Amino acid sequence: MSTAHVGTHGHADAHGKDVQLHVHKDYRGSKFAIWLFLITEVLLFGGMFLLYSVYRAKYAADFHTAAEELNTLLGTINTLVLLTSSLTMALAIAATHHGNRKLALWMLAVTILCACTFLVIKYFEWSAKFHHGIYPGSAHLAAFPRGEILFFGLYFTMAGVHGIHVLVGAVLLTVMFIRVLNQPNAKLSFVAGLGLQHAEGARLAIIDENGTALWKGETIDSTMQRIDVKTKFWPVKSRFKVEDFNQLENAGLYWHIVDIVWIFLFPLFYLIT
Amino acid sequence: MSHDDHHEAAHEPVGYGTYFITWFALVFLTAITVTAAGLHLGATSVAVALVIATIKASIVLYLFMHLKYEDAAFRRLILVMLGFFGIMVGLTFTDVMFR
């Protein structure tokens, strides 16, 4: 790809590849901040897991009986859906690193689809529970043994808060999808050819400062009124900078934490029968 | 990569294959945990489920979340968090157990 130097404020890096205004930002700092935020998320769920373990120690038998009510098959499917979404999220980021915008968009789309699938399955799961009179504050549930009421209370709270995180993640990833879709992030236009009529019969060429032809095109004829030269900066390998996708990586980190929370929720609620 | 870029462009791109292997490992561990739950191992079943979940979470952290490629500060952050969570769990249980 051409390394023509266009931006007046731009500066070339060691390889002279930078063609854009380069704003120095602390990307490591932003990633560190996201990790700090994720730690608060882990402690939010951690507090609930602690509550779970205290009550589980106290009402072990009731927890086992109550867990029988949960649909293990749907729980397992949702686990696979989230694991797959984590894979496609990681692949989307890897694709941006390899300069493959199309793959990045496809992988992001699959990730969003997985998030929606998870929520739809959750909807059917909860609808069935509600149908059987098991929902927070129901009279039917109030007649259950104490440990079972606690189990379902924790289940609806923890799976509910997790579900909200999935929803937030889906919205966040949709925003990221639009951002990647709107690449190229820069476009430059030049208009050439004042007095094109004098150049009839000449051949179009784009040459760099050394006179080497980068591109040779058609012969100018009398029908040509004007020539526009447009350059688009796609995230191709030669100009890709990791920091262009810093936000995508941060969104990815959030998405993986949502997966990790489910990795613990799934066995503790569905598999303790 | 120049020296100045070091802090911005963290690491070389990870190949797609690594992530597929990671995914296979996670699915395999899910299959194990579901199978183990079906065996009715009794008291050890929770321990088995938690150990497998911890392994799965570590795999996600290390490979999907690039902790393997980040510098030590990120790993220390996780250790501090785990330490605080450990204190929280420990103190809560010493209260609950001797009540």
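Definitions and cut-offs
- Residues numbered from 1 in each chain as written.
- Chains lettered and ligands numbered in written order.
- Predicted model: local features only at pLDDT ≥ 70, side-chain atom pairs only at ≥ 80, totals over all residues.
- Heavy atoms only, no water.
- Axes fitted to C-alpha atoms, helices over the stretch in contact; angles between N-to-C directions.
- Helix = DSSP H or I, 4+ residues; strand = E, 2+ residues; numbered from the N terminus.
- Parallel < 35°, antiparallel > 145°, perpendicular 65-115°, else oblique.
- Contact = heavy atoms within 4.5 Å.
- Nonpolar A, V, L, I, M, F, W, Y, C, P; charged D, E, K, R; others polar.
- Buried < 20%, exposed > 50% of the residue type's maximum accessible area, 1.4 Å probe, protein only.
- Lys, Arg positive; Asp, Glu negative; His and termini not counted.
- Salt bridge = Lys/Arg side-chain N within 4 Å of Asp/Glu carboxyl O.
- Polar contact = N/O pair within 3.5 Å; in protein donor to acceptor, adjacent residues only side chain to side chain.
- Buried area = accessible area lost by both parts, 1.4 Å probe.

Student: Can you tell me about the packing of helix α7 (residues 246–270) of chain A against helix α2 (residues 44–64) of chain B, naming the residues and giving the values?
Tutor: Two quantities define a packed helix pair, namely the angle between the axes and the distance from one axis to the other. The geometry of α7 of chain A relative to α2 of chain B is characterised by a closest axis approach of 9 Å and an angle of 170 degrees between their N-to-C directions. One way to sum up the angle between α7 of chain A and α2 of chain B is to call them roughly antiparallel. Taking contact as the criterion, the partners of His256, Asp259, Ile260, Ile263, Phe264, Pro267 and Leu268 of chain A in α7 of chain A are, on α2 of chain B, Ala49, Leu50, Ala53, Thr54, Lys56, Ala57, Val60, Leu61 and Phe64 of chain B. For the contact of α7 of chain A with α2 of chain B, a count of residues per class yields twelve nonpolar, two polar and two charged.

Student: Can you break down the side chain of Lys129 of chain A residue by residue, with the values?
Tutor: Residue and element names in this part refer to chain A. Among the structural elements, Lys129 can be located in helix α4 (residues 101–131). Here Lys129 occupies a buried position and makes no salt bridge, while the nearest side chain of opposite charge, Glu69, is found at 5.1 Å. Separated by 3.2 Å, the side chain of Lys129 and the backbone oxygen of Glu69 make a polar contact. Every residue in contact with Lys129, bar those within four places of it in the chain, is listed here: Glu69, Leu70, Ile134, Phe152 and Phe156.

Student: Can you explain the interface of chain B and chain A? Please cite residues and give values.
Tutor: On the side of chain A, 55 residues touch chain B, which itself brings 47 residues to the contact. Carbon and sulfur atoms supply 77% of the area that chain B and chain A bury against each other, a total of about 4,400 Å² over both sides. Where chain B touches chain A, the interface holds two salt bridges. For Glu70 of chain B, the salt bridge identified is with Lys31 of chain A, shortest N-O distance 2.9 Å.

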